[in-house]
Amino acid sequence: MHQTRDVFTPTKPARIAFVERDSVNDKLVNSLTTPGKQIVVYGHSGTGKTTLLVNKLNQLYEHHITTRCMKGLKFEQLVLDAFDQLAPYYTQERQTVLKTTTGIDLGATYKMLQAKITASSSKDESEKQSRILPPQLTPQTLGRFLGAQKACWVLEDFHKIDEGEKERLSQLMKVFMDLSDEYQDLKIIALGAVDTARQVVDYDPEMRNRVAEIQVSVMTEQEIAAIIEKGESALNVKFSPDIKRLVARHSNGLASVCHHLCLNMCNAAGVMTTVEGPPIELTKKHCEDAVRMYVEEASDSIKSAFDKALKQRRKTQYANAHLILDALSGLGELGAARSDIHRRIQRTEPRYPEANLKYLLPKLCTPEYGGILRFDSNSGLYSFSDPIYRAYAMAQFQRAQPSARPMSQSDFEQTLLKFLTEKVKLDVGTDFRILIDHHPKKKT
Ligand SMILES: Nc1ncnc2c1ncn2[C@@H]1O[C@H](COP(=O)(O)OP(=O)(O)OP(=O)(O)O)[C@@H](O)[C@H]1O
Ligand SMILES: [Mg+2]
């Protein structure tokens, strides 16, 4: 018996509906089980890095601790956070005494350091945040604390850490490698939502062979379909093959979209826990309700993303972002290369310079611009980072230019568009029209 919300998990790592990622599984498992191997996991946001890792760590590792990184966080704070999380292992009443090869009692050392940290931080009450790292808490010491508990250290969102601090992590990785003789399981796993491993951790070239770089790409349609199937058997429901295919296709590689739609469909059908007796069939009606809910929930964040993307930051000859999103929404759902986007824009703006695209396309992938696009370095294609952004762009631009209406749309897309358009009409239609009316004319 499962709760539906534990099966379809749009906002947390999937466990019951976890689907193995064949393309990276062996590499990850090998790296996790190779002593001394440090790991960098990278790939766009939402591709499933955290989910994959937590599931594999649960299968393979005794313990792990996780530190979530934020902008501005200093290396010392990372170390302190790891240290704090080890407290349950070292401060219990009845624990086995763990000693290093040189006979140092780790439990006693831990408590001594803990006392030092507490003493130093109580001195200045005003700045509680800036706890001081005692000099005795060296990388080696931290490594021993972790290693003796057969634990590894996961650093989530490591790409957010400042460059200078990252270098110190690379040194820490080196120390951990050297300690692996003594502690087989000791390792650091750094995760980052970026394009290359080096953007996560810029480690020395000599460490190359001892750091595994693992890229997690968006999920395939088959993998997404497998999530639905796992959900079906866990909840004893049936999605029609049509619905399955459409959800898989329109999730555009993002499992969270699939989880979200499936969760909404179950909600629409009143399925809150595993169905007893014969399975419940989910119909087109449930699917429509699910899409409507999805649109309602997402509309605020869609709007804010588009606002950021379309914000006029300085005076320019062209409404660049608008032209790009318009062009891209008219190209295929898999995305398009820069040159394709350029050609498309040139249909209406023959002198449109490619330099503008070179500048703005990467920007549109950043949070400052709403993260509205993503770039896949394997295929070289830009696409909307979420299928709903694409639908929204289509809904917007179709109204503005009825002649450019895309020809072929699936039922699902039409449903999505229908609800989006309704929503758009109610809420933001006017704002957008202003932008379109002010669309600069070609200069002569
Ligand atoms: N292998 C999988 N099987 C089933 N669902 C998955 C799988 N991988 C990811 N998901 C689902 O996809 C969504 C995003 O996954 P996750 O948070 O792991 O991505 P991420 O790459 O860590 O993203 P971010 O970079 O933003 O942290 C979650 O809803 C999760 O449940
Ligand atoms: Mg994550």
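Residues numbered from 1 in each chain as written. Chains lettered and ligands numbered in written order. Predicted model: local features only at pLDDT ≥ 70, side-chain atom pairs only at ≥ 80, totals over all residues. Heavy atoms only, no water.

1. Details of the packing of aromatic side chains
Using the criterion set out here, one finds 10 aromatic pairs in the structure. Connected via pairs of aromatic rings, a cluster forms that spans Phe83, Tyr90, Tyr110 and Phe145. The aromatic ring of Tyr369 is capped on one face by Arg313, whose charged end is 3.6 Å from the ring centroid. (Phe/Tyr/Trp six-rings, centres within 6.5 Å; stacked < 30°, edge-to-face > 60°. Lys NZ or Arg CZ within 6 Å of the ring centre and 35° of its normal.)

2. A word on the sheet that holds strand S5 (residues 211–215)
Within the open sheet, the 5 strands sit side by side as S2-S3-S4-S1-S5. Their pairing is parallel. Each edge of the open sheet carries a strand with a single partner, namely strand S2 (63–68) and S5. Across this sheet, the average inter-strand angle for adjacent strands is 20°, counted without regard to direction. Here S2 runs beside strand S3 (residues 151–156); their pairing, made up of 6 bridges, is parallel. Residue His63 lies in a different strand from S3, and its bridge partner there is Ala151. Sitting on the sheet, helix H4 (residues 75–85) is in contact with S2 and S3, with an inclination near 140° to S2. (Pairing = 2+ DSSP bridges. Helix = DSSP H or I, 4+ residues; strand = E, 2+ residues; numbered from the N terminus. Axes fitted to C-alpha atoms, helices over the stretch in contact; angles between N-to-C directions. Contact = heavy atoms within 4.5 Å.)

3. Quick word on the pattern of salt bridges
Within this structure, the stated rule accounts for 17 salt bridges. For Asp157, the salt bridge is made with Lys160, and the minimal N-O distance between the two is 3.5 Å. One salt bridge connects Glu368 with Arg313, and the closest N-O pair in it is separated by 3.8 Å. Taken together, the residues Glu368 in the loop between helix H15 (354–363) and strand S8 (373–376) and Arg313 in the loop between helix H12 (284–310) and helix H13 (320–330) connect sequence positions 55 residues apart. Given a relative accessible area of 31%, Arg313 falls into the partly exposed group. Taken together, the salt bridges that share partners define one network made up of Glu229, Glu232 and Lys244. (Salt bridge = Lys/Arg side-chain N within 4 Å of Asp/Glu carboxyl O. Buried < 20%, exposed > 50% of the residue type's maximum accessible area, 1.4 Å probe, protein only.)

4. Concerning the site of ligand 1
Near ligand 1 there are 24 residues, and of these Thr9, Ser45, Lys49, Thr50 and Thr51 occur at the shortest range. One of the backbone N or O atoms of Val19 is found 2.8 Å from a nitrogen atom in ligand 1. Coverage of ligand 1 by the protein chains reaches 89% of its 630 Å² of free accessible surface. Within the residue set of the shell around ligand 1, elements represented by two or more residues are helix H3 (49–60) and helix H11 (255–268). (Near = heavy atom within 4 Å. Polar contact = N/O pair within 3.5 Å; in protein donor to acceptor, adjacent residues only side chain to side chain. Areas by Shrake-Rupley, 256 points an atom, 1.4 Å probe, with all protein chains shown as cover.)

5. Describing the packing of H12 against H13
At a minimum axis distance of 8 Å, the contact between H12 and H13 shows a crossing angle of 125°. Here H12 lies oblique to H13, going by the angle between them. Here Phe306, Ala309 and Leu310 of H12 come into contact with H13, specifically with Ala321, His322 and Leu325. Taken together, the residues of the contact of H12 with H13 sort by class into 5 nonpolar, 1 polar and no charged. (Parallel < 35°, antiparallel > 145°, perpendicular 65-115°, else oblique. Nonpolar A, V, L, I, M, F, W, Y, C, P; charged D, E, K, R; others polar.)

6. What about the packing of H11 against H12?
Running from N to C, H11 and H12 cross one another at 120°; their axes reach a closest spacing of 8 Å. As judged from the angle between their axes, H11 and H12 are oblique. The way H11 lies across H12 gives a crossing that is right-handed. Contacts between H11 and H12 involve Val257, His260, Leu261, Asn264, Met265 and Ala268 from the former and His286, Cys287, Asp289, Ala290, Val291, Met293, Tyr294 and Glu297 from the latter. (Left-handed = near helix turned anticlockwise from the far one by under 90°.)

7. Some remarks on the pairing of S8
In this structure, S8 lies alongside strand S9 (residues 381–384), joined through 4 bridges in antiparallel fashion. When the bridges of S9 are listed, Asp376 appears paired with Leu381. Joining the antiparallel neighbours S8 and S9 is a turn of 4 residues, in which Gly380 adopts a positive phi near 75°.

8. A short note on unusual backbone geometry
One non-glycine residue, Asp157, adopts positive backbone phi at about 55°. Tracing the chain through its elements places Asp157 in the loop between S3 and helix H8 (163–179). Here Asn236, not a glycine, exhibits a phi torsion of approximately 55°, which is positive. Residue placement: Asn236 occurs in the loop between helix H9 (221–235) and strand S6 (237–239).

9. Regarding H8
Here H8 spans 25 Å end to end across 17 residues, near enough to the 24 Å set by a 1.5 Å rise per residue. Elements that come into contact with the buried residues of H8 comprise strand S1 (38–42), H4, helix H7 (139–148), S3, strand S4 (188–192) and S5. (Expected span 1.5 Å × (residues − 1).)

10. Observations regarding the nonpolar core
With 65 residues, the main nonpolar core has Phe239, Leu325, Ile341 and Leu364 as its most contacted residues. When residues in this core are grouped by element, the largest group, 11 residues, is from H12. Not counting residues within four places of it along the chain, the set of residues in contact with Phe239 comprises Phe8, Ile228, Glu232, Lys244, Cys262, Met265, Cys266 and Leu282. Listed in part, the 47 residues of the second largest apolar core include Cys69, Leu113, Leu142 and Ala197. (Core = buried A, V, L, I, M, F, W, Y, C linked by side-chain atoms within 4.5 Å.)

11. Regarding the confidence of the model for the protein
Here the protein shows a mean pLDDT of 85. Residues at 70 or above account for 86%. Within the protein, helix H18 (residues 429–437) has the poorest average pLDDT of any element, 32, and helix H1 (residues 4–7) the best, 97. This model gives residues 400–409 a pLDDT under 50, and the stretch forms 10 contacts once residues within four places in sequence are excluded. Counting contacts from residues 424–444, a segment whose pLDDT is below 50, to residues more than four positions away or on other chains yields 29 contacts. (pLDDT = per-residue confidence, 0-100.)

12. Examining H15
Within the span of H15, buried status applies to Leu357, Leu360 and Leu361. The buried residues of H15 all sit within an arc of 105° when viewed along its axis, so they share a single face. Turned more than 90 degrees away from the buried face of H15, the exposed residues are Ala355 and Lys358. Residues of H15 that are buried in the fold lie against H13, helix H14 (338–348), S8 and S9. (Arc of directions from axis to C-beta.)

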